[in-house]
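Here's the letter readout for the chains.
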Amino acid sequence: MPAPTATAPRLPHAAPALLLLLTALASSLACQHLWTHEDTFPGDALRLLQDMAVGHTQPCHLTQPPFFPASLLHDNLQPHQAAATALRILQHLFHTLSSNSTRQHWPSHARNHLLNNLQHHIHHLEQCLPDNAAPFKGPRNPLLAINKYFRDIHLFLHAHNHSACAWDHVRLEARASLQHLHNLTRTMRR
């Protein structure tokens, strides 16, 4: 006996557009919610980086250390662009600071706590950004500057054999990145 055929209820023509609008709104609110309830993240991470500082008995003589790109400090970004930029910085920080060579230079408890915090915020930012979004168009793409900056950090570490002095400079650069991240979070709340 054939199963009775029931017609599925049809959604009005405006329903797909409404669903897209609601998804975008939920994503936007998720990003704003993330930063309004967890304003302590950049500050907590900065304190953890301070805890990871080691005292040096000899001065460091490092050649060509990378510095956070000045071009990123004054960008006027839309909230979704700020979220994409924050995500890229967090992803690079996590990748860099989770390197095996950091274990011998930094206290493991503070390092692991920092990595857990970074991973937590990466996950939340990934959830609130739309898939396949192209937040930047044109020649001034801050994501490219961020990629180059972190590539320079890895080259710097390699050039200095991942020494304690080189990792301490990277720790200071991570602080600069997190301070910039704090500014991006303010932009995301607009």
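Everything in this summary refers to the structure shown in the same document. (Residues numbered from 1 in each chain as written. Predicted model: local features only at pLDDT ≥ 70, side-chain atom pairs only at ≥ 80, totals over all residues. Heavy atoms only, no water.)

Applying the stated criterion to the full structure yields 2 aromatic pairs. Residues W106 and W167 carry aromatic rings whose centres are separated by 5.3 Å and whose planes lie at 70 degrees to one another, so their mutual orientation is edge-to-face. One end of the pair, W106, is in the loop between α3 (79-97) and α4 (108-128); the other, W167, is in helix α6 (residues 164-188), and 61 residues separate them in sequence. Grouping residues by exposure puts W106 and W167 together as buried. Look at Y149 and F150: their rings are 4.9 Å apart centre to centre, the planes differ by 70 degrees, and that puts the pair in the edge-to-face class. Taking the relative accessible area as the measure of exposure, F150 reaches 2% and is therefore buried. (Phe/Tyr/Trp six-rings, centres within 6.5 Å; stacked < 30°, edge-to-face > 60°. Helix = DSSP H or I, 4+ residues; strand = E, 2+ residues; numbered from the N terminus. Buried < 20%, exposed > 50% of the residue type's maximum accessible area, 1.4 Å probe, protein only.)

A complete count under the given rule lists 2 salt bridges for this structure. Note that K148 and D152 form a salt bridge whose closest N and O atoms lie 2.8 Å from each other. One end of the pair, K148, and the other, D152, are both in helix α5 (residues 142-159), 4 residues apart, so they sit about a helical turn from each other. Look at K148 and you get partly exposed, because its relative accessible area is 42%. Take D152: its relative accessible area is 26%, and that puts it in the partly exposed class. Of the charged contacts in the structure, one is a salt bridge between R171 and D168, with a shortest N-O distance of 2.9 Å. Within this pair, R171 and its partner D168 are both found in helix α6, separated by 3 residues, close to a single helical turn. R171 sits in the buried class, given a relative accessible area of 6%. (Salt bridge = Lys/Arg side-chain N within 4 Å of Asp/Glu carboxyl O.)

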